[in-house]
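# Architecture and fold: a report
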Amino acid sequence: MTGQPMKQYLLSIYQPDGEPPEPEVLAPIMERLAALREELKAAGSWVFTGGLHAADTATVLRLGKGDGDVLITDGPFVEGKEHLGGFWIINAPDLDAALEWGRKAALATTLPIEVRAFQDRPEN
């Protein structure tokens, strides 16, 4: 590709807390996700994909009041009814293209997808 390099975008999957769907519901979703991954790869847009364990398995580290003191807490950082369940990092020429991948992800997962651009980094 000539011209400007593609930007990277984070596509975040937000899923409801609780038990995962039954296998007969989850199986077609996983098939659609596999197809989307292959489509991203074929387009040269796929960088990385990751699924996360449930939010209640998280550990949060916060700066304490003492010098070098860090507090460690079990559980999610934010209490809510949804949590980050997984994500993609993709290459896309612009926001419109990234939003189209996000649309496909929402259709595949049936869940909300947040699309955010990574900040541009100065060349070293």
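Given the structure is predicted, the values throughout are model-derived calculations rather than measurements. (Residues numbered from 1 in each chain as written. Predicted model: local features only at pLDDT ≥ 70, side-chain atom pairs only at ≥ 80, totals over all residues. Heavy atoms only, no water.)

Further remarks concern helix H2 (residues 95–109). Taking 1.5 Å of rise per residue, the 15 residues of H2 would be expected to cover 21 Å, and the 20 Å separating its terminal C-alpha atoms lies within 8% of that figure. All of the buried residues in H2 are Ala97, Ala98, Trp101, Gly102, Ala105, Ala108 and Thr109. The buried side chains of H2 occupy one side of the element, clustering within an arc of 145° when seen end-on. Of the exposed residues in H2, the ones pointing more than 90 degrees away from its buried face are Asp96 and Leu107. (Helix = DSSP H or I, 4+ residues; strand = E, 2+ residues; numbered from the N terminus. Expected span 1.5 Å × (residues − 1). Buried < 20%, exposed > 50% of the residue type's maximum accessible area, 1.4 Å probe, protein only. Arc of directions from axis to C-beta.)

So, about the pattern of salt bridges. Tallying each qualifying case throughout the model produces five salt bridges. Its salt-bridge partner being Glu39, residue Lys104 comes within 2.5 Å of it at the nearest N-O pair. Here Lys104, found in helix H2, pairs with Glu39, found in helix H1 (residues 23–42); they are 65 residues apart in sequence, far enough to count as distant. With a relative accessible area of 25%, Lys104 lands in the partly exposed category. For Glu39, a relative accessible area of 35% puts it in the partly exposed group. One salt bridge connects Glu100 with Arg103, and the closest N-O pair in it is separated by 2.7 Å. You can see Glu100 and its partner Arg103 sitting in helix H2, three residues apart, about one turn around the helix. Glu100 sits in the partly exposed class, given a relative accessible area of 32%. (Salt bridge = Lys/Arg side-chain N within 4 Å of Asp/Glu carboxyl O.)

Right, let's talk about the environment of Glu39 for a bit. For Glu39 and Trp101, which are 62 residues apart along the polypeptide, the C-alpha to C-alpha distance reads 9.8 Å. Side chain to side chain, Glu39 and Lys104 meet in a polar contact 2.5 Å long. (Polar contact = N/O pair within 3.5 Å; in protein donor to acceptor, adjacent residues only side chain to side chain.)

Worth remembering: the numbers are spatial, not functional.
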